[in-house]
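# Working through the structure, step by step
Next come the chains, spelled out residue by residue.
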Amino acid sequence: MKSEALVLGIETSCDETAIGIVRGRTLLANVIASSVDEHARFGGVVPEVASRAHLEAIIPALDRAIKEAKISFTDLDALAVTAGPGLIGALLVGTSSATGLALASGKPIYAVNHLAAHVSVDALTHEAPLRPTIALLVSGGHSSLLRINDITANIEKLGQTLDDAAGEAFDKIARLLELGFPGGPAIDVLAKSGNKDAIDFPRGLTHAKDSEKHLFDFSFSGLKTAVARYIEATPAAKKSDVAASFQEAVVDVLISKALLACTQSGIDSLVIAGGVAANSRLREVAAERAAKSGVELRIPAPLLCTDNGAMVAALGSLMVSAGASASPIDFSADSAMSVLEVAR
Ligand code: KG4
Ligand code: ZN
């Protein structure tokens with residue numbers, strides 16, 4: 001099997017029109033056109049607006065990526081595209097474009113899972129292939145703890161959020177604090193000037209009574225309510241203290257459960273992926289506690305944590321080198337694609 005496949009990845013599941021090109025495990029181009037500014041005034045991503053923005057951005061983004069990588073389209077060995085999960089109208093722009101390119105060029109296409117792609121981007125940062133690992137996947141739409149036996153073929157789910165995703169919690173609290181959208185990066189910055197121990201916010205599903213049924217599940221709705229009540233009852237509270245204390249509660253739960261999953265499953269490797277993995281406090285706490293627990297920690301560079309096309313290309317490349325078969329050309333996009341389905 002070819003180990004240095006040249007793969008172009010297309011990502012349009014949410015508000016980023018993103019094209020990445022990799023050769024094997026080497027990143028050649030990572031073009032990201034975001035429509036986030038068009039959604040900001042609505043306080044969240046508007047699906048119709050996102051689809052239209054993808055349509056406008058995708059061809060220019062493809063052109064830019066090919067130029068940036070200094071390759072020609074005919075050099076590519078394979079195409080990869082996010083088939084789900086995500087906003088269906090947004091996904092369809094990427095999958096239709098990718099299918100058209102595959103049909104016209106005769107190149108194989110890998111219709112991959114956005115969540116598995118978030119984890120796969122590790123391949124672009126680390127030389128050594130992933131051993132069986134625990135993965136903490138924390139994005140705007142999903143939060144789960146996974147056991148990755150083989151990122152191209154075998155993923156097990158250990159737990160997930162019962163309500164909001166971690167990123168969604170950041171976005172909602174940012175709205176309460178009037179910090180704009182998306183809220184994660186704004187809270188990250190504001191928290192730096194706040195006191196993380198100022199307010200003792202609840203850590204969801206961490207009580208002894210939760211350990212039987214929800215040891216590896218998350219819940220952020222109680223935390224959200226607690227923060228909302230606190231803000232209402234304490235109008236003079238420093239926003240930076242609220243942001244730092246909220247962030248600490250989220251990070252504490254995420255890292256505690258991820259490391260517990262490592263200990264319990266006897267796996268001494270942890271990957272943290274998805275937009276929230278860009279959070280500076282999460283990266284700091286993860287590094288400290290993983291070192292204490294003797295767990296090897298891998299977190300992609302911040303720009304590769306949030307949505308991008310490089311992660312899709314990376315998963316495509318790993319599939320080519322694993323000898324996985326390509327997807328049928330008539331594959332369908334799936335807004336609710338399960339994290340257990342790596343590709344279609
Ligand atoms: O993975 P992603 O780019 O898109 C999805 O697949 O959902 O994740 C986006 C989420 C948003 O909720 C955003 O607020 C959050 O990741 N995020 C952060 C940071 N950067 C992005 N959350 C906390 N701290 C950050 N620095
Ligand atoms: Zn994502």
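None of the values given here were measured: they were computed from a predicted structure.

## Details of the coordination of the zinc ion (ligand 2)
All of the protein donors around the zinc ion (ligand 2) are H114 (NE2), H118 (NE2) and D307 (OD); their distances to the metal are 2.0 to 2.1 Å. Binding-site remark: the zinc ion (ligand 2) is held by donors from one chain whose sequence spacing is H-x3-H-x188-D. Of this pair, H118 sits in helix α4 (residues 114-120) while D307 sits in the loop between α11 (302-305) and α12 (310-321), and the two are 189 residues apart along the sequence. In this pair, the class of H118 matches that of D307, namely buried.

## Some remarks on the site of ligand 1
Taken together, the neighbourhood of ligand 1 is formed by 19 residues, with G140, D171, D188, G275 and D307 sitting nearest. At a separation of 3.0 Å, an oxygen atom of ligand 1 approaches a polar backbone atom of G184. In this structure, a nitrogen atom belonging to ligand 1 sits 3.0 Å away from a side-chain N or O atom of N279. Within the complex, 88% of the 560 Å² of free accessible area of ligand 1 lies under protein. Elements supplying a minimum of two residues to the shell around ligand 1: α4, α5 (166-176) and α6 (183-191). Per-class residue counts for the shell around ligand 1 are five nonpolar, eleven polar and three charged.

## As for the sheet that holds strand β2 (residues 16-23)
Spatial ordering of the open sheet is given by β3-β2-β1-β4-β5, a layout of five strands whose pairing is mixed. This sheet does not close on itself; its edge strands, each paired only once, are β3 (26-34) and β5 (109-113). On average, each strand axis in the sheet is tilted by 20° relative to the strand beside it, whichever way the strands run. Here strand β4 (residues 78-84) pairs with β5 via five bridges, running parallel. Of the residues in β5, the one forming a bridge with T82 is V112. Strand contacts of helix α3 (residues 88-105): β1 (6-11), β4 and β5, with the helix running at about 155° to β4, the strand carrying the most contacts. In the packing of α12 onto the sheet, contacts are made with β1, β2, β3, β4 and β5, and the angle to β1 comes to roughly 135°.

## Topic: unusual backbone geometry
Here the residue pair G84 and P85 is connected by a cis peptide bond, since its omega of -5° sits within 30 degrees of zero. Its location among the elements puts P85 in the loop between β4 and α3.

## Quick word on the domain arrangement of the protein
In terms of domains, the protein is made up of domain 1 (6-123 + 305-321) and domain 2 (132-299). For domain 1 and domain 2, the distance between their C-alpha centroids amounts to 27 Å. Taken residue by residue, the interface counts 17 residues in domain 1 and 20 residues in domain 2. Summed over both sides, the interface between domain 1 and domain 2 buries roughly 1500 Å², with carbon and sulfur atoms accounting for 77% of that surface. Its largest share of buried area at the contact with domain 2, domain 1 owes to L115, V119 and C305, together 36% of the area lost on that side. For the pair domain 1 and domain 2, the number of links is one salt bridge. D122 is the salt-bridge partner of R298, the closest N and O atoms lying 2.7 Å from each other. Counting across the interface, domain 1 meets domain 2 through three residue pairs in polar contact (both at pLDDT 80 or more).

## Observations regarding the pairing of β4
In terms of residue burial, β4 counts as a mostly covered element, since seven of its seven residues are buried. As paired strands, β1 and β4 are joined by four bridges and run parallel to one another. Directly across from V7, in β4, lies its bridge partner A78. Between the parallel elements β4 and β5, the chain passes through α3 in a crossover that is right-handed.

## A few points about the pattern of salt bridges
In this structure the tally under the stated criterion is 19 salt bridges. Between D200 and R203 there is a salt bridge, with its nearest N and O atoms 4.0 Å apart. The partner of R344 in a salt bridge is D334, and the shortest N-O contact between them spans 3.3 Å. Taken together, the residues span a long stretch of sequence, with R344 in the segment after α12 and D334 in the segment after α12 at a distance of ten residues. When its relative accessible area of 23% is taken as the criterion, D334 is described as partly exposed. Each of D122, R131, D268, E296 and R298 takes part in a single network of salt bridges with overlapping partners.

## What about the sheet that holds strand β10 (residues 296-298)?
Spatially, β8-β7-β6-β9-β10 is the arrangement adopted by the five strands of the open sheet, whose pairing is mixed. Bordering the open sheet on either side are β8 (154-160) and β10, each of which pairs with just one other strand. Averaged over all neighbouring strand pairs, the angle between strand axes comes to 25°, with direction disregarded. Where strand β9 (residues 269-273) lies against β10, three bridges are found, and the strand directions are parallel. Bridged to V271 within β10 is R298. Lying on the sheet, helix α9 (residues 239-265) is in contact with β6 (133-138), β7 (143-150), β8 and β9; it crosses β6 at an angle near 160°.

Rules behind the numbers
- Residues numbered from 1 in each chain as written.
- Chains lettered and ligands numbered in written order.
- Predicted model: local features only at pLDDT ≥ 70, side-chain atom pairs only at ≥ 80, totals over all residues.
- Heavy atoms only, no water.
- Donors = N, O, S within 2.8 Å, 3.2 Å for Na, K, Ca; no water.
- Helix = DSSP H or I, 4+ residues; strand = E, 2+ residues; numbered from the N terminus.
- Buried < 20%, exposed > 50% of the residue type's maximum accessible area, 1.4 Å probe, protein only.
- Near = heavy atom within 4 Å.
- Polar contact = N/O pair within 3.5 Å; in protein donor to acceptor, adjacent residues only side chain to side chain.
- Areas by Shrake-Rupley, 256 points an atom, 1.4 Å probe, with all protein chains shown as cover.
- Nonpolar A, V, L, I, M, F, W, Y, C, P; charged D, E, K, R; others polar.
- Pairing = 2+ DSSP bridges.
- Axes fitted to C-alpha atoms, helices over the stretch in contact; angles between N-to-C directions.
- Contact = heavy atoms within 4.5 Å.
- Domains from an automatic or database assignment.
- Buried area = accessible area lost by both parts, 1.4 Å probe.
- Salt bridge = Lys/Arg side-chain N within 4 Å of Asp/Glu carboxyl O.
- Right-handed = clockwise from strand over helix to strand, strands pointing away.

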